[in-house]
Amino acid sequence: MAIVINIDVMLARRKMASGELAEKIGISPANMSILKTGKAKALRLTTLDAICKALDCQPGDLLEYRAE
């Protein structure tokens, strides 16, 4: 997929564990793992909004386009 979700980069910058972020935004650790590993096929805007609020970042900090 050409869209990459860089949650792991922002988690490292904020010194936050993925489990902590999952709890803050109300998703399961399994779904957080899917987002982190790039296996997600979709991302709800409400989830993206919650991630941005929890990590104090912009959507562009999390999403990246890579040509295939």
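Each chain carries its own residue numbering, running from 1 in the written order of its sequence. Reporting of local features is limited, given that this is a predicted model, to residues whose pLDDT is at least 70; pairs of side-chain atoms are given and counted only at 80 or more, and all residues count toward the totals for whole chains, interfaces and linings. Excluded from the side-chain calculation are hydrogens and water; included are all heavy atoms of the structure.

A.B. asks: Give me the lowdown on the side chain of asparagine 6, citing residues and values where you can.
C.D. replies: Within the element layout of this structure, asparagine 6 appears in the loop between β1 (3-5) and α1 (7-14). Assessed through its relative accessible area of 14%, asparagine 6 is described here as buried. With residues up to four places along the chain from it excluded, the contact list for asparagine 6 reads Asp61, Leu62, Glu64 and Arg66. Where helices and strands are cited, they refer to DSSP runs of H or I of at least four residues and of E of at least two residues respectively, numbered from the N terminus. Burial here depends on accessible area, computed with a 1.4 Å probe over protein chains only, as a share of the maximum for the residue type. Under 20% is buried, over 50% is exposed, and the range in between is partly exposed. Contact definition: two residues touch when any of their heavy atoms are within 4.5 Å.

A.B. asks: Requested: an account of the nonpolar core, with residues and values cited.
C.D. replies: The nonpolar core is taken to be a set of buried Ala, Val, Leu, Ile, Met, Phe, Trp, Tyr and Cys residues, with the residues joined through side-chain atoms within 4.5 Å. Counting residues in hydrophobic clusters, the biggest one holds 17 residues, and the most contacted among them are Ile7, Leu21, Ile51, Leu55 and Leu62. Elements with a minimum of two residues in this core: α1, α2 (18-25), α3 (29-37) and α4 (45-55). In terms of residue count, α4 provides more of this core than any other element does, four residues in total.

A.B. asks: Mind laying out the pattern of salt bridges, listing which residues take part and the relevant values?
C.D. replies: A pair is scored as a salt bridge if a Lys or Arg side-chain nitrogen falls within 4 Å of a carboxyl oxygen belonging to Asp or Glu. As enumerated under the stated definition, the model contains three salt bridges in all. For lysine 24, the salt bridge goes to glutamate 20, with nearest N and O atoms at 4.0 Å. Of the two residues, lysine 24 and glutamate 20 both sit in helix α2, four residues apart, roughly one turn of that helix. Under the relative-accessibility criterion, glutamate 20 is labelled partly exposed at 38%. Its salt-bridge partner being aspartate 49, residue lysine 53 comes within 3.2 Å of it at the nearest N-O pair. Note that lysine 53 and aspartate 49 are positioned in helix α4 at a spacing of four residues, about one turn of the helix. When its relative accessible area of 41% is taken as the criterion, aspartate 49 is described as partly exposed.

A.B. asks: Please provide a residue-by-residue account of the packing of α1 against α3, values included.
C.D. replies: Lines fitted to C-alpha atoms define the axes here, with helix axes fitted over just the stretch in contact, and angles between the N-to-C directions of these axes take values from 0 to 180 degrees. Relative orientation of the contacting elements α1 and α3 amounts to 105 degrees, with a least axis distance of 8 Å. On the basis of the axis angle, α1 is roughly perpendicular to α3. Across the interface between the two elements, Ile7, Asp8 and Leu11 of α1 pack against Met32, Leu35 and Lys36 of α3. Charged residues are taken to be Asp, Glu, Lys and Arg, nonpolar residues to be Ala, Val, Leu, Ile, Met, Phe, Trp, Tyr, Cys and Pro, and polar residues to be all remaining types, Gly included. Here the residues of the contact of α1 with α3 are counted per class, giving four nonpolar, no polar and two charged. Any angle between 65 and 115 degrees counts as roughly perpendicular, while under 35 counts as roughly parallel, over 145 as roughly antiparallel, and the rest as oblique.

Coordinates in, geometry out; function isn't part of it.
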